[in-house]
Amino acid sequence: MPSQYIPILIVAIVVAVFPAAALVIFKRNHKASETAEAGETPYERELPPEDAAAGNYSERLYIAGALFVIFDVAIVFLFSWAIKFSQMGVYGLFVMLPFVGILLAGYAWLYKNGALDRI
Amino acid sequence: MADHSPTKAEAAEQPDHAPDPLQSGSEVPAQDELGQRGSPQAPEFLHPRLRVLQPVADDVKVLLKKDGWSAASADRVTFWIAPLSAVIIALLTYLVLPVGPAFQTSDLNIGLLFILGISSLTIYRIVPGNWSSEHRDSLIGALRSAAQFLSYETAAALGLASVLLLSGSLSTKEIVQAQLDQGQWFIFYVPVGFLIFFICSLATTNRARVSPPETNSEIVAAHVMENRNFHGALDSLAEYANIIVAAGIATTVFLGGWLRPLASYRDRFPGTSVELLDVLPGLAVAAISAYCLRSGRRPQAKIRKAVMNWTGGICGVLAAALLGTLFAPENAMAGVHGAFWFVVKVGAYMYFCLWIRFAFPGLQFDRWTRRSWRILIPAAFINLITAAMAILASQDGGLPMRFTTIVATVATLGAAAWLAKDSPADPVAQTADGG
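Residues numbered from 1 in each chain as written. Chains lettered and ligands numbered in written order. Predicted model: local features only at pLDDT ≥ 70, side-chain atom pairs only at ≥ 80, totals over all residues. Heavy atoms only, no water.

## Examining the overall build of chain B
For clarity, the threshold we go by: The numbering of helices and of strands both runs from the N terminus, where a helix is a DSSP run of H or I of at least 4 residues and a strand a run of E of at least 2. Relative accessibility decides the category of a residue: with a 1.4 Å probe and only protein chains considered, values under 20% of the type maximum give buried, values over 50% give exposed, and everything between is partly exposed. The contact criterion used throughout is that any non-hydrogen atoms of two residues lie within 4.5 Å. Note on areas: Shrake-Rupley, 1.4 Å probe, and residue coverage restricted to the protein chains presented here.
Helix and strand counts for chain B stand at 18 helices and 0 strands. Taken across its 435 residues, chain B has 53% of its residues classed as buried. Here the analysis covers contacts within chain B between residues at least 6 apart in sequence; of these, 75% occur between residues at least 24 apart. Carbon and sulfur atoms make up 67% of the accessible area of chain B, which totals about 19500 Å².

## Examining empty space enclosed by the protein
All names here are of chain B. The condition is simple: In the cavity and pocket records, a cavity denotes points on a 1 Å grid over the protein atoms alone where a 1.4 Å probe fits but cannot get out, a pocket denotes an open set with protein on both sides within 12 Å along at least 5 of 7 lines, and lining residues are residues with an atom within 4 Å of a point. Grid points are joined across faces, edges and corners, and a volume is the space filled by probe spheres set on the points. Note on residue classes: Ala, Val, Leu, Ile, Met, Phe, Trp, Tyr, Cys and Pro are nonpolar, Asp, Glu, Lys and Arg are charged, and everything else, Gly too, is polar.
According to the stated counting rule, one finds 3 cavities of 30 Å³ or more in the structure shown. Considering the residues around the largest cavity, the lining is formed by 15 residues, among which Ser 119, Glu 153, Thr 204, Ala 246 and Ile 249 are closest to the centre. At the level of elements, helix 6 (111-120), helix 8 (136-167), helix 10 (191-204) and helix 13 (230-253) are the ones that each hand at least two residues to the lining of the largest cavity. Looking at the lining of the largest cavity, its residues break down into 8 nonpolar, 6 polar and 1 charged. Counted as a void, the second largest cavity has a volume near 90 Å³. Contributing to the lining of the second largest cavity are 15 residues, with Tyr 189, Val 190, Ala 387, Thr 405 and Ala 408 lying nearest its centre. Breaking the lining of the second largest cavity down by element, the ones donating at least two residues are helix 10, helix 17 (365-395) and helix 18 (401-422). Here the residues of the lining of the second largest cavity are counted per class, giving 10 nonpolar, 5 polar and no charged.

## A look at a nonpolar patch on the surface
All names here are of chain A. Convention followed: For patch detection, residues must exceed 30% relative accessible area and be free of salt bridges, and they are connected within 9 Å for like charges or within 5 Å for nonpolar side chains (Val, Leu, Ile, Met, Phe, Trp, Tyr). By convention in these notes, a salt bridge is any Lys or Arg side-chain nitrogen within 4 Å of a carboxyl oxygen on Asp or Glu.
A grouping of Val 69, Val 73, Val 76 and Phe 77 is seen on the molecular surface, where their side chains present a nonpolar patch of about 370 Å² in accessible area. Relative to the helices and strands, Phe 77 is located in helix 2 (residues 59-88). Classification of Phe 77 as partly exposed rests on a relative accessible area of 47%.

## Let's talk about the side chain of Glu 153 of chain B
All names here are of chain B. With respect to the helices and strands, the residue Glu 153 is situated in helix 8. Residue class for Glu 153 comes out buried when judged on its relative accessible area of 9%. Not counting residues up to four positions away in its chain, the partners in contact with Glu 153 are Leu 116, Ser 119, Ser 120 and Thr 204.

## Looking at the packing of helix 8 of chain B against helix 10 of chain B
Residue and element names in this part refer to chain B. Under the convention used in this document: Between N-to-C directions, angles cover 0 to 180 degrees, with each direction set by a line fitted to C-alpha atoms, over the stretch in contact for helices. These descriptions rest on fixed angle ranges, namely under 35 degrees for roughly parallel, over 145 for roughly antiparallel, 65 to 115 for roughly perpendicular, and the rest for oblique. The handedness criterion is simple: a crossing whose near helix is rotated anticlockwise from the far helix by less than a right angle is left-handed, and one whose near helix is rotated clockwise is right-handed.
Taken N-terminus to C-terminus, the directions of helix 8 and helix 10 make an angle of 155°; their axes are 8 Å apart at the nearest point. Considered as vectors, helix 8 and helix 10 are oriented roughly antiparallel to each other. For the pair helix 8 and helix 10, the sense of crossing is left-handed. Together, Gln 148, Phe 149, Tyr 152, Glu 153, Ala 155, Ala 156, Gly 159, Leu 160 and Ser 162 of helix 8 and Gly 193, Ile 196, Phe 197, Ile 199, Cys 200, Ala 203 and Thr 204 of helix 10 make up the contact between the two elements. Of the residues contributing to the contact of helix 8 with helix 10, the split by class is 10 nonpolar, 5 polar and 1 charged.

## Quick notes on the packing of aromatic side chains
Heads up, the condition is: Aromatic pairing here means that ring centres of Phe, Tyr or Trp (its six-membered ring) are within 6.5 Å. Orientation follows from the plane angle: under 30 degrees is stacked, over 60 is edge-to-face, and everything else is tilted.
Summed over all chains, the structure comprises 16 aromatic pairs over all chains. With a centroid separation of 6.3 Å and 20° between ring planes, the pair formed by Phe 194 of chain B and Phe 198 of chain B is classed as stacked. Of this pair, Phe 194 of chain B and Phe 198 of chain B both sit in helix 10, 4 residues apart, which is roughly one turn of that helix. Each of the two residues, Phe 194 of chain B as well as Phe 198 of chain B, counts as buried. Site record: aromatic cluster; members linked through ring pairs are Phe 71, Tyr 107 and Tyr 111 of chain A together with Trp 373 and Phe 381 of chain B.

## Considering the side chain of Lys 345 of chain B
Residue and element names in this part refer to chain B. Test applied: Under the convention used here, Asp and Glu are negative, Lys and Arg are positive, and both His and the chain ends fall outside the count. Pairs of N or O atoms within 3.5 Å make up the polar contacts considered here, provided that, within protein, one atom can donate a hydrogen while the other can accept it, and that residues adjacent in sequence are counted only when both atoms are side-chain atoms.
Along the chain, the position of Lys 345 falls in helix 16 (residues 330-359). With no salt bridge to any partner, buried Lys 345 finds its closest opposite charge in Asp 278, at an N-O distance of 11 Å. One polar contact links the side chain of Lys 345 to the main-chain carbonyl oxygen of Gly 257, over a distance of 3.0 Å. Beyond its immediate sequence surroundings of up to four residues, Lys 345 is in contact with Trp 185, Thr 251, Leu 255, Gly 256, Gly 257, Trp 258 and Leu 259.

## Quick look at the confidence of the model for chain A
Any segment with low pLDDT has predicted coordinates that should not be analysed in fine detail. Residue and element names in this part refer to chain A. Cut-off, in case you're wondering: The predictor attaches a confidence to each residue, called pLDDT, with possible values from 0 through 100.
Mean pLDDT over chain A works out to 79, with 78% of the residues at or above the 70 mark. Least confident of the elements in chain A is helix 1 (residues 5-28), whose mean pLDDT is 83; most confident is helix 3 (residues 90-112), at 89. Across residues 32-36, confidence stays below pLDDT 50; counting only partners more than four residues off in sequence or on other chains, it has 9 contacts.

This is how it looks when you write it as structure tokens:
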């Protein structure tokens, strides 16, 4: 089994070296005078930021993140179930229905409480 | 936050600030300008007949731009890591995609999981690149991109799971083999799964005008704006590589991978081992080649003539390869023809993505994210259950698969329509804190 991962390791190294080397070459080809001076604002657009980066952010983003964790973990179980489904038959379906049912009940609760309106 | 002052729009209107962010923010000209000339900022030093090469010149220009900003607040490590990880992640995914039965770097038994896992790391392209600037607008863009990516990643995985019910394996090679054994591409067994994956691939590759998570006119993504040099070039390389990966996954999983259409129809020419349908692609490419070479003879501009002749020549070589391998050993034949069909399907899928990008107007990022959670993800769950029931009904109940598939598809689409009807069309107003 590990032998299948040897080509992946080799390609990963090649693939990592390519952009790194390209970036270094790009860097070396520029004289110091051509690089931006330290202290410049990080925006070519000259519009100063309204607020510090470490400010408040919309709750919408946090809700999306929390929901993602819940549903993505559920998908992990669904994947392994789906692979073995054809061997399990009707039993497989009825085993999975409660799992998905609980998930969808949670989804309905979120829906009712308006969490999805805030995304 | 409602009490921010002044707002972006007001600031942009003041003459002592930067001009309209739409003007200065984007190097990509509006679509109607594209038809008339190249990038409006590009120096037009090229000879009029060579203007075709303007995009190439633009790319070379990228290499000559000044090295990225080094603002005092910048985080150097993440600034360097972001484009590197982008390219590595994008190119690693190609490893397990089978380009024909003969061409595959590694046939992992967890192939599909490997692809999903690696491509989820795309987040590490978006967030560190924007984090490094320590700039609020950039970070808002990154978080929006990340939120949209996560939302659609979930639905895409659920869409793919419906295929695993049929294939019973995660290995990409075995998924294609299962489509050959069961006599149909999986798009015909789980059409809703394909639809969900297609929508998600539009959203996660940021390909569509439909989904500009960085919302150019408001906050301009930092990894586009600040790194319009080689860092940015690597970043957009990764973005385009991701489109090909999405097309490759869809081709492998739903569109039969390297299989030709009607793969189970195997009638041969009498007395030979050549299958009837294998001749068609070779003949079609040969016809294209002949057409190009013929129209290349007509009097016309030199550059057109050259393009026609080159296209004709390349197609001629391809046709020779396709027709010649018909008489080669079985393995060589399957390899070349499989690669041909795989590339054609990937190209067609990407064409559809671009088509949709140009055909439909944009939607705000939050509308997209909300549509994913309100419609797509519950619909994907329902699709999984109905697909499982359809498979059971045909395996154990003895009903024809065609019938059960149609019933399951109609039920799923009906549920999705009901979900969509219930969703409010207008989102809550966008605020300056990233929402």
